[in-house]
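Structural description and commentary
Each chain, written out:
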Amino acid sequence: MSSYLIGLLVGIGAGLLILAVTKFRTRNRSMSVAEQAEFLSKRRARMLPALAVIFLAQQASYFSTPATTAPRPVDTVKISAWLVLSIVLLAALATKGFWGHSREVRNLIDDENTRANRNRAMQSGFLFAMGAGVCVYITTMFIPVTTREAVHIMMSAGIATALIQWGYLERRAYRDA
Amino acid sequence: MSGARTGMPERLANRLKERRTELGLTQAELAERVGVTRKTVNTVENGVFTPSATLAIKLAHALDLSVEQTFWIEP
């Protein structure tokens, strides 16, 4: 078995372990629907900036890789990991998230203020993605940029901005006057 | 003259906190009554978030007030 496959399996295993621990921690407490929604909503507010940092750190790892003519297996793993994380984050941004919880809890978490915050974050994400697109377009006049790099930059700019903005708005919403 | 006519910024003021305290309710209890999270009640109380007409009516009813008594526009 190659070391890359082992690394990928270890990564998936760690992710599943984190999911199991968080699920166990939530299940262990006998909470009402409102309390569960409050607990999960606060956790999301803390997690969003952390996810943005992880996502951005992944970009550094991607762009620090020296350009080679032949793609190496490790590059494929990196790109796949980035793509999977991007899809998961996009799904979390576009839907109510917390897929493992009951509909009642999910509906309560996604209340009016959360929807407004999420929409504002998506709006900022879209604008930053478009801004990144303009920057990439100008850059191509001076240095060559591959299609994959351009898509990568635009998607990353959009998703990271939306995550940071949503995290900021959610944290602000919990602040008392 | 209203703020909209003069071009002055307007904000939606409310007496949610005052009335909630009068009734001895916590933010969480009020939130549960109207079916939102405590965060939403907190942002409406602080004037950070302008609620929809539906939520404004629900909040006013939960506090035994009319919408006009609960919310008003301040220039």
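Residues numbered from 1 in each chain as written. Chains lettered and ligands numbered in written order. Predicted model: local features only at pLDDT ≥ 70, side-chain atom pairs only at ≥ 80, totals over all residues.

Details of the overall build of chain B
Note the threshold: Numbering goes from the N terminus for both helices and strands, where a helix is a DSSP run of H or I of at least four residues and a strand is a run of E of at least two. Buried, partly exposed and exposed are defined by the number of other C-beta atoms within 10 Å of a residue's own C-beta, namely 20 or more, between the two limits, and 12 or fewer respectively, with C-beta atoms placed from the backbone. Once C-beta atoms have been placed from the backbone, residue pairs whose C-beta atoms lie within 7 Å are recorded as contacts.
Helix and strand counts for chain B come out as six helices and two strands. When the elements of chain B are put in sequence order from the N terminus, they spell out α-β-α-α-α-α-α-β. The buried share among the 75 residues of chain B stands at 33%. Summarising the internal contacts of chain B: among those between residues at least 6 apart in sequence, 54% fall at separations of at least 24.

Focus on the environment of B:Phe49
Tracing the chain through its elements places B:Phe49 in the loop between helix 4 (38–45) and helix 5 (53–62). A count of 21 C-beta atoms within 10 Å places B:Phe49 in the buried class. On a C-alpha basis, the gap between B:Phe49 and B:Leu12 in space is 9.1 Å, while along the polypeptide they are 37 residues apart. Other than its neighbours up to four places away in sequence, B:Phe49 contacts A:Asn113, A:Ala116, B:Thr40, B:Thr43 and B:Val44.

A few points about the interface of chain B and chain A
Just so we agree on the cut-off: Classification convention: Asp, Glu, Lys, Arg as charged; Ala, Val, Leu, Ile, Met, Phe, Trp, Tyr, Cys, Pro as nonpolar; all other residues, Gly among them, as polar.
Taken together, the contact pairs 16 residues of chain B with 15 residues of chain A. Of all the secondary structure elements, the ones that give two or more residues to the side of chain B that touches chain A are helix 3 (27–34) and helix 4 of chain B. The greatest single-element share of the side of chain B that touches chain A, amounting to five residues, is contributed by helix 4 of chain B. For the side of chain B that touches chain A, a count of residues per class yields seven nonpolar, six polar and three charged.

Digging into the packing of helix 3 (residues 73–94) of chain A against helix 6 (residues 147–174) of chain A
All names here are of chain A. Cut-off, in case you're wondering: Helix axes use the C-alpha atoms of the stretch in contact, all axes being lines fitted to C-alpha atoms, and the angles between their N-to-C directions lie in the range 0 to 180 degrees. Here the word oblique covers every angle except those under 35 degrees (roughly parallel), over 145 (roughly antiparallel) and from 65 to 115 (roughly perpendicular). By the definition used in this description, the sense in which the near helix is turned from the far one sets the handedness, with an anticlockwise turn below a right angle giving left-handed and a clockwise turn giving right-handed.
At their nearest, the axes of helix 3 and helix 6 sit 11 Å apart, and the two run at 45 degrees to each other. In terms of axis orientation, helix 3 runs oblique to helix 6. Handedness of the crossing formed by helix 3 with helix 6: left-handed. Contact residues: helix 3 offers Ser 86, Leu 89, Leu 90 and Leu 93, while helix 6 offers Met 155, Ile 159, Ala 162 and Leu 163. A breakdown of the residues in the contact of helix 3 with helix 6 according to their chemical character gives seven nonpolar, one polar and no charged.

Observations concerning the confidence of the model for chain B
Residue and element names in this part refer to chain B. Basically, it comes down to this: Each residue carries a pLDDT value, the predictor's own confidence for that position, ranging from 0 to 100.
Taken as a whole, chain B shows an average pLDDT of 89; of its residues, 91% reach a score of 70 or greater. Least confident of the elements in chain B is helix 1 (residues 3–6), whose mean pLDDT is 58; most confident is helix 5, at 95. Listed scores for the predicted complex are pTM 0.80 and ipTM 0.82.

Side note on helix 4 of chain B
Residues and elements named next belong to chain B. A large share of helix 4 lies buried, amounting to eight of its eight residues. Within helix 4, burial applies to Arg 38, Lys 39, Thr 40, Val 41, Asn 42, Thr 43, Val 44 and Glu 45. Gly 47 lies just past helix 4 and shows a positive phi near 75 degrees.

What to know about the nonpolar core
Stated formally: Under the definition applied here, buried Ala, Val, Leu, Ile, Met, Phe, Trp, Tyr and Cys residues are grouped into a nonpolar core through C-beta atoms within 7 Å.
Formed by 18 residues in total, the largest nonpolar core has its most connected members in A:Leu48, A:Ala52, A:Ala160, A:Leu163 and A:Trp166. Put simply, the parts of the chain that give this core at least two residues each are helix 2 (33–63), helix 3, helix 5 (112–139) and helix 6 of chain A. When residues no more than four places from it in sequence are discounted, the contact partners of A:Trp166 are A:Leu48, A:Asn117, A:Arg118 and A:Ala121. Counting 13 residues, the second-largest nonpolar core is a separate cluster that includes B:Val36, B:Val44, B:Leu59 and B:Ala62.

So, the environment of B:Met8
Here B:Met8 lies in the loop between helix 1 and strand 1 (11–14). Taking C-alpha positions, B:Met8 is 21 Å from B:Pro51, a pair spaced 43 residues apart along the chain.

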